[in-house]
Amino acid sequence: MTKTTTFIFHLSPNHQIKTQNHLIRHKNVKHQLNFPSQLPSSTFIPISPTKIPSTSSLISPSNHQITNHNAEIRKFCQLGNLQKAMDLACNFEQVQDTVIDSKTYCDLLQLCAESKALHHGKQVHSLMISRTIEIDSVLGSKLVFMYVSCGDLVNGRRVFDNVVSKNVFLWNFMMNAYAKIGEYEESVCLFKLMQELGVEPDSYTFTCMFKCVAAIGDGGLGLVMHGSVLKLGFGFDNTVVNSLIAFYFKCGSVDNACKVFVKMPDRDVVTLNCMISGYVANGLAEKGFEVFKEMVGCKVSVDLSTMVIVVAACASMGGVSSGRMVHAYAVKGGFDEKMKFSNTLLDMYSKCGDMDSALKVFKNMNERSVVSWTSMIAGYARVGKSDDAINLFLEMKKEGVKPDTFTVTSILHACASNGSLEKGKEVHSYITENKMQSLVVCNALMDMYAKCGSMEDAYSVFSDMVFKDIVSWNTMIGGYSKNSLPNEALDLFTKMQREITPDNVTMTCILPACASLAALNKGREIHGHILRKGLTSDLYLVNTLVDMYVKCDRLFIAKSLFDLMTVKDVVTWTVMIAGYCIHGFGHEAVLAFKKMQEKGIKFNEASFTSVLHACSHSGLVQEGWKFYNLMVNDYKIEPKLEHYGCMVDLLCRGGKLSEAYKFIKKMTIKPDVTIWGALLCGCRFHHDVKLAEIVAEKIFELEPENMEYYMLLADIYSETEKWEEVKTLRNGIRNNTGCSWIEIKGKVNIFVAGNKDNPEAKKIESLLENLRMEMNKDGFSRKLKYALADKNDMEKESAVCGHSEMLAVGFGLLTLPPGRTIRVTKNVKVCGDCHEMAKFISKNVGRQIVLRDCNRFHHFKDGFCSCRGC
DNA sequence: CTAGGGTTAG
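Residues numbered from 1 in each chain as written. Chains lettered and ligands numbered in written order. Predicted model: local features only at pLDDT ≥ 70, side-chain atom pairs only at ≥ 80, totals over all residues. Heavy atoms only, no water.

- The name recorded for chain A in an unreviewed UniProt entry is DYW domain-containing protein, from Tagetes erecta.
- As stated in UniProt under Sequence similarities (unreviewed entry), the record for chain A gives "Belongs to the PPR family. PCMP-H subfamily." (UniProt positions renumbered as here; feature names shortened; annotations may be inferred.)

### So, the overall build of chain A
Logical step 1: Along the backbone of chain A there are 46 helices and six strands.
Logical step 2: Scored against the burial criterion, the 870 residues of chain A give a buried share of 51%.
Logical step 3: Restricting the contact set of chain A to residue pairs at least 6 apart, pairs at least 24 apart contribute 64%.
Logical step 4: A total accessible area of about 42300 Å² is found for chain A, and carbon and sulfur atoms account for 54% of it. (Helix = DSSP H or I, 4+ residues; strand = E, 2+ residues; numbered from the N terminus. Buried < 20%, exposed > 50% of the residue type's maximum accessible area, 1.4 Å probe, protein only. Contact = heavy atoms within 4.5 Å. Areas by Shrake-Rupley, 256 points an atom, 1.4 Å probe, with all protein chains shown as cover.)

### Brief notes about the protein's contact with DNA strand B
Logical step 1: Neighbouring residues of DNA strand B: 48 residues in total, closest Asn273, Lys340, Asp404, Asn443 and Lys482.
Logical step 2: Protein-proximal atoms of DNA strand B, defined as those within 4 Å of the protein, fall in sugar or phosphate at a share of 41%.
Logical step 3: In this structure, Tyr540 approaches DNA strand B through a side-chain N or O atom, which is 3.3 Å from a base nitrogen.
Logical step 4: Split into classes, the residues belonging to the surface near DNA strand B amount to 16 nonpolar, 20 polar and twelve charged. (Near = heavy atom within 4 Å. Polar contact = N/O pair within 3.5 Å; in protein donor to acceptor, adjacent residues only side chain to side chain. Nonpolar A, V, L, I, M, F, W, Y, C, P; charged D, E, K, R; others polar.)

### Focus: the nonpolar core
Logical step 1: In terms of nonpolar packing, the biggest core is built from 242 residues, with Met128, Ile245, Val648, Leu679 and Leu680 touching the most fellow members.
Logical step 2: For Leu679, the residues in contact, after removing those within four places along its chain, are Val648, Cys652, Leu657, Ala660, Tyr661, Ile664, Leu691 and Val695.
Logical step 3: Core analysis: the next-biggest nonpolar cluster, separate from the first, contains 28 residues, Phe811, Leu816, Val830 and Cys867 among them. (Core = buried A, V, L, I, M, F, W, Y, C linked by side-chain atoms within 4.5 Å.)

### A short note on the environment of His529
Logical step 1: Examined against the element boundaries, His529 turns out to sit in helix 30 (residues 520–532).
Logical step 2: Here the alpha-carbon distance between His529 and Asn504, two residues 25 residues apart in the chain, equals 9.8 Å.
Logical step 3: When neighbours within four sequence positions are excluded, His529 is seen to be in contact with Gln497 and Met507.

### Topic: a positive patch on the surface
Logical step 1: A cluster of basic residues, Lys116, Lys180, Lys211 and Lys250, forms a positive patch on the protein surface.
Logical step 2: Mapped onto the elements of the fold, Lys116 is located in the loop between helix 5 (102–114) and helix 6 (118–130).
Logical step 3: Owing to a relative accessible area of 56%, Lys116 belongs among the exposed residues under this scheme. (Patch = residues over 30% accessible without salt bridge, like charges linked within 9 Å, V, L, I, M, F, W, Y side chains within 5 Å. Salt bridge = Lys/Arg side-chain N within 4 Å of Asp/Glu carboxyl O. Lys, Arg positive; Asp, Glu negative; His and termini not counted. Charge placed at Lys NZ, Arg CZ, Asp CG, Glu CD.)

### Things to note about the packing of helix 39 (residues 673–685) against helix 41 (residues 707–719)
Logical step 1: For the pair helix 39 and helix 41, the least separation of the axes is 10 Å and the interaxial angle reads 15°. Between helix 39 and helix 41, the angle falls in the class roughly parallel. Where helix 39 crosses over helix 41, the two elements pack in a sense that is left-handed. From helix 39, Val673, Thr674, Gly677, Leu680, Cys681, Cys683 and Arg684 reach across to helix 41, where they touch Tyr709, Leu712, Asp715, Ile716 and Glu719.
Logical step 2: Across the contact of helix 39 with helix 41, the residue classes break down as seven nonpolar, two polar and three charged. (Axes fitted to C-alpha atoms, helices over the stretch in contact; angles between N-to-C directions. Parallel < 35°, antiparallel > 145°, perpendicular 65-115°, else oblique. Left-handed = near helix turned anticlockwise from the far one by under 90°.)

### Things to note about the pattern of salt bridges
Logical step 1: Tallied over the entire structure, the rule returns 22 salt bridges.
Logical step 2: Among the ionic pairs, Lys425 bridges to Asp457, the shortest N-O distance being 3.5 Å. Taken together, the residues Lys425 in helix 24 (residues 421–433) and Asp457 in helix 26 (residues 455–464) connect sequence positions 32 residues apart.
Logical step 3: Where Asp563 meets Lys559, a salt bridge forms, and the shortest distance between an N and an O atom there is 2.9 Å. Residue Asp563 and its partner Lys559 are located together in helix 32 (residues 555–564), separated by four residues, close to a single helical turn.
Logical step 4: Overall, the relative accessible area of 28% leaves Lys559 in the partly exposed class.

### Overview of the pairing of strand 5 (residues 857–861)
Look at any regular strand and the pattern is simple: side chains alternate between the two faces of the sheet.
Logical step 1: As paired strands, strand 4 (residues 849–852) and strand 5 are joined by four bridges and run antiparallel to one another. In the strand pairing of strand 5, Ile849 is matched with Phe860.
Logical step 2: In this structure, the hairpin formed by strand 5 and strand 6 (residues 864–865) is closed by a connection of two residues, where Asp862 is found at a positive phi of approximately 50°. (Pairing = 2+ DSSP bridges.)

### Quick look at the UniProt feature "repeat: PPR" (unreviewed entry) in chain A
Logical step 1: Under the UniProt annotation, the feature "repeat: PPR" (unreviewed entry) is placed at residues 167–201, 268–302, 338–368, 369–403, 438–468, 469–499 and 569–603.
Logical step 2: Counted over residues 569–603, helix gives 74% and strand 0%. Its end C-alpha atoms are 10 Å apart.

### Focus on helix 15 (residues 269–281)
Logical step 1: Here helix 15 contains 13 residues, and its C-alpha end-to-end distance of 18 Å stays within 8% of the 18 Å for a straight helix at 1.5 Å per residue.
Logical step 2: When we look at burial in helix 15, the residues that qualify are Thr271, Leu272, Asn273, Cys274, Met275, Ile276, Gly278, Tyr279 and Val280.
Logical step 3: Its buried side turned inward, helix 15 meets helix 13 (238–250), helix 14 (254–263), helix 16 (285–297) and helix 17 (304–317).
Logical step 4: Put simply, Asp268 is the residue that caps the front of helix 15, since its side-chain oxygen is 3.1 Å from the backbone nitrogen of Val270. (Expected span 1.5 Å × (residues − 1).)

### Re helix 14
Logical step 1: Those residues of helix 14 not exposed but buried are Val254, Ala257, Val260 and Phe261. Relative to the axis of helix 14, the buried residues are bounded by an arc of 130° and lie together on one face. The outward face of helix 14, more than 90 degrees from its buried face, is lined by the exposed residues Asp255, Lys259, Val262 and Lys263.
Logical step 2: Buried positions along helix 14 lie against helix 12 (219–231), helix 13 and helix 15. (Arc of directions from axis to C-beta.)

### Details of the state of the cysteines
Logical step 1: Scanning the entire structure with this criterion turns up zero disulfides.
Logical step 2: Unpaired in this structure, Cys251 has its nearest cysteine sulfur neighbour in Cys212, at a distance of 12 Å.
Logical step 3: Under the relative-accessibility criterion, Cys251 is labelled partly exposed at 33%. (Disulfide = S-S within 2.5 Å.)

Below, the structure is given as structure tokens:
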């Protein structure tokens, strides 16, 4: 490698180039006629007095040898034989006193550019430098063209900066080069520089600038340029005005775009295309579609782009009928034979959920690109047909189509909604092997791992990312929230705020974590954040906020927020109904559901779950059946496990155990433990040991490891005083690992059953023992005698007191001022003993206790619980 | 002017 090539690799970074620009413009510009050599970049060699001007060789007939050589090189250039041309040029250099002329260099550079042969291009450049060829504006432009075409913008810019008297074409070329790779700011800088140097912009300059300004979002500069356009007389140049319209649309100012449009005397098809795509981008697809209809009505000629844009408009309108119309129209015009159109068309069908039509388009295509395959895969992934998506992905690879980053993100989406961690990991390896770890791909990877339940893998991707955007953070936080790791979610949220400003999505990701921890204060903090940021119009977010207040035992605040909301959707209502339900207001829940019905809001699966829950909770058997039938018959919703569970619960509460049993046997899907568990609960309530044993058998088959149901069966035995059975069962039961916590003065105090670490442990124990004795005296509950049938009374009592929720309640009694409600949260279901004891305490001590378990709230007051015994 | 991808509530 020659010294000259070394120079090429030792370039100063971009910002230094800018500084150098500054120098050139104000100090060196007049003397800066030649090109720098291998000397440091800020130093320039003076014009060599011995240098032969390259152009002179053309007019020098004395040297036939040289002319012939040049002609020969140029001949190979014309034939496209770069290697031969290069060989000749390099050998040429070794012959003393011979010169390659400027035209030959131009041809060589042109061919290098066309062949994207950066290495050869650099070689030509070195040749020019070593021969001290004067880089005039023609050669300079060619060099810039070569570097930029070969993707080497840094060197292209370097040459560019040293070309004196650059014409507007070269300026445009360089600005476009930056725009193409997304460096819009740099492009705008060049534009400003060009103006300072007094170079007149042309129409290409303006179209490029409007694109850049729109991308940066610099509306002010755009307005200024709008002024220049008029001043310089480009107001009637359609290419300029079209890009102006596009600029206004991209900045979201539909009004300005329309104003410009209305004043245009001579609209062309591009103008109309701009209008359609502009409307679509601003969420006004219907208006865009109107423009298209007018075009068709007025017999304005439509081009392929129009068709592509209009089909995309149909996709964003969601309804497949307009899409079908356009499809028919396109067939008449023969557009459906163009791959670009077919790709958009199949994407439209897939976005409208009509995968059959999408597949038809796909199969009819005579040529399919990676975009076609990816659109199909993404479509299957969207409608939840993950297996189809994955199969198509494999088929695509078999056909030899190379997946790109779009494809892998789509397939990751499919793995995520399928929960296929193994497949997802395979895709991960593929991504790593092919070095496809772009920002979006990594975000999709994290999402896949989060949805497949592996937060460790998600975090490992996250921590390896050099550049993270808001989506990366939100994905991680949301992943922790959904995977029941609220503390991790909150920690990451804190870390995030040090690096990036959270947005509305962040809030919807973090609020469920607050809700699941019942961390009211944190939730309030976030509510404050939402108010300060003015995010209250985000329905998604406010729904989550209402849910947070519901779960942090502030039903009243939730209701106030709910009442204040001017726009409510099905989720808003469902949150509120579920809220009433878990707080024990079944009747209010049913009322809200009816109100929702009056408002004409369409129910979905989740809203039916909530209302069925409410019915079972309040013992509204008739109503429950009515809603169930409404769901199945009118809404044609297949009942899911949750719905069946509610109905079983409903029947059990009404004492119709055998009916419930029959109902389960008729289910169209396989009942799981929660269904049988509901029936087992019913058996306990109605003391039906015989049925309980049958049901328990089914449960133990399904989940032999789940201790919860052994406990329940044991309770049933002891309540019916079958002590021997209790003993046998209890021997096999491991301690349940529940824990409870109580927030006092912002500090969360955690209690684990049997753990006496709390400094107040002794006091709590004696307090609870005293309460227990009073309870026995009172004869409050005979149920308690079964607590631990094989131990003596004292042991029995302390064992009961060891239950975590009672420890937390005891701690609350000791710490909180009298009269203050005690709020305890438990991670698993509240145990029967503690439930009885809480009732007693609420009456005996005259204290309200609110206990939240994994299912619902238990409001204990004056010896009663809002849950009505379940 | 011109096709496909990632995050969010019950």
